[in-house]
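The chain contents come next:
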Amino acid sequence: MTAENVSPKAALALVEQGATLIDIRDADEYAREHIPAARLFPLSAMEQGATLQATVDSVVIFHCQSGNRTRNNLSRLIAAAAPAQIKIVDGGIDAWRQAGLTTVKDTSQPLPLMRQVQIAAGVLILLGVVLGYSVSNAFFLLSAFVGAGLTFAGITGFCGMARLLAVMPWNRR
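In this text, all values refer to a predicted model and were calculated from it rather than measured experimentally.

Caption draft 1: Up close: the pairing of strand β6 (residues 85–89). Counting buried positions along β6 yields four of five residues, so the element is predominantly enclosed. The pairing of strand β1 (residues 3–6) with β6 spans four bridges and is parallel. Residue pairing in the sheet places V6 in a bridge with V89 of β6. As defined by bridge partners, strand β5 (residues 59–63) adjoins β6 across four bridges and the pair is classed as parallel. Paired with V60 across the strands is I86, a residue of β6.

As structure tokens, this is what we get:
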């Protein structure tokens, strides 16, 4: 079974005809901005074996932020929605927004956790370099520590900084 790429406007037309639109992003991304007709069914749930209740006659349209996650996990999406006809929104919610279609935004929600990690890691590395040049060479160790942590996270899939940020007060909603 394969999946067909569709434009955001074609996806909207299919949804209006009864197709199911599925957002595979994480819950924090969905809370911050989502397509009104989209149902949240995160990729992490599919990784644990969850499936959709779909029939041969149903059409399931998947989307993510930019289209990369849906392309990279196509076999998992097909398995989760089988035996339905599967379609992918070309360019994800970014393309949906660029096509002038409606999204629901809640800017009171915190930034997605991965963006928080990127910001925190970038600030700590920059701080280590600036303080290393201006105060003491020992501050370069801060940049090395953060770099080692990011490398460890990439290799093992465990990100201590993400775990720490997840329990911060602004992320408790």
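There is more to say, and it comes next.
Caption draft 2: Looking closely at the sheet that holds strand β2 (residues 20–23). Spatially, β1-β6-β5-β2-β4 is the arrangement adopted by the five strands of the open sheet, whose pairing is parallel. This sheet does not close on itself; its edge strands, each paired only once, are β1 and β4 (38–40). Along the sheet, successive strands turn relative to each other by an average axial angle of 35°, direction set aside. Docked against the sheet, helix α1 (residues 8–16) engages β1, β2, β5 and β6, running at close to 110° with respect to β1. Against the sheet, helix α5 (residues 74–81) touches β1, β5 and β6, its axis set at about 140° to β6.

Caption draft 3: Representation of helix α8 (residues 140–156) in the model. Spanning 17 residues, α8 covers 24 Å between terminal C-alpha atoms, matching the ideal 24 Å at 1.5 Å per step. Buried within α8 are the following residues: S143, V146 and A153. For α8, the arc enclosing every buried residue in end-on projection is 90°, short of the 170-degree limit, so these residues lie on one face. Set apart from the buried face of α8 by more than 90 degrees, the exposed residues are L141, F145 and I155. Buried residues belonging to α8 abut α7 (113–134) and α9 (160–166). At the C-terminal side of α8, G157 shows a positive phi close to 85°.

Caption draft 4: Spotlight on the UniProt feature "domain: Rhodanese" (unreviewed entry) in the protein chain. Per the UniProt record, "domain: Rhodanese" (unreviewed entry) is found at residues 15–105. Note that residues 15–105 is 36% helix and 23% strand, and that its end C-alpha atoms are spaced 20 Å apart.

Caption draft 5: Examining the side chain of S143 more closely. Among the secondary structure elements, S143 is positioned in helix α8. On the accessibility criterion, S143 (13% relative accessible area) is buried. Residues contacting S143, with those up to four places away along its chain left out, are L124, I125, G128 and V129.

Caption draft 6: Highlighting α5. Burial in α5 covers these residues: L77, I78, A80 and A81. End-on view of α5: buried residues confined to an arc of 165°, all on one side of the axis. Exposed side chains of α5 directed beyond 90 degrees from the buried face belong to S75 and A79. Where α5 is buried, its residues contact α3 (43–47), β5, α4 (68–72) and β6.

Caption draft 7: Geometry of the nonpolar core. Of all hydrophobic cores here, the largest spans 17 residues; its most connected members are I22, I24, M46, L52, V60, F62 and L77. For this core, the elements supplying multiple residues, two or more each, are α3, β5, α5 and β6. For this core, the element with the highest residue contribution is α5, accounting for four residues. The residues touching V60, leaving out its near neighbours within four places in the chain, are T20, I22, L52, A54, A81, A84, Q85, I86 and K87.

Caption draft 8: View of the UniProt feature "transmembrane region" (unreviewed entry) in the protein chain. Here, UniProt's "transmembrane region" (unreviewed entry) annotation points to residues 117–135 and 141–166. The span residues 117–135 is 95% helix and 0% strand, and its two end C-alpha atoms sit 26 Å from each other. For residues 141–166, the helix share is 88%, the strand share is 0%, and the end-to-end C-alpha distance is 25 Å.

Conventions used here
As a convention, each chain's residues are numbered from 1 in the sequence order in which they are written. Residues qualify for local features only when their pLDDT is at least 70, as the model is predicted, and side-chain atom pairs are given and counted only at 80 or more; totals for whole chains, interfaces and linings, by contrast, use all residues. Hydrogens and water molecules were not included; the side-chain quantities draw on all heavy atoms of the structure. With a 1.4 Å probe rolled over the protein chains alone, any residue whose accessible area is under 20% of its type maximum counts as buried; one over 50% counts as exposed, and the rest are partly exposed. Numbering of helices and strands runs from the N terminus, with a helix taken as a DSSP run of H or I at least four residues long and a strand as a DSSP run of E at least two residues long. For two strands to be treated as a pair, DSSP must find at least two bridges joining them. Orientation is described by axes fitted as lines to C-alpha atoms, over the contacting stretch for helices, and by angles from 0 to 180 degrees between their N-to-C directions. We call two residues contacting when some pair of their heavy atoms lies within 4.5 Å. For a helix, the expected span equals 1.5 Å multiplied by the number of residues minus one. The reported arc concerns the directions from the helix axis to the C-beta atoms and nothing else. UniProt positions are given in the numbering used here, feature names are shortened, and annotations may be inferred rather than shown by experiment. Buried residues of nine kinds, namely Ala, Val, Leu, Ile, Met, Phe, Trp, Tyr and Cys, make up a nonpolar core once their side-chain atoms join them within 4.5 Å.

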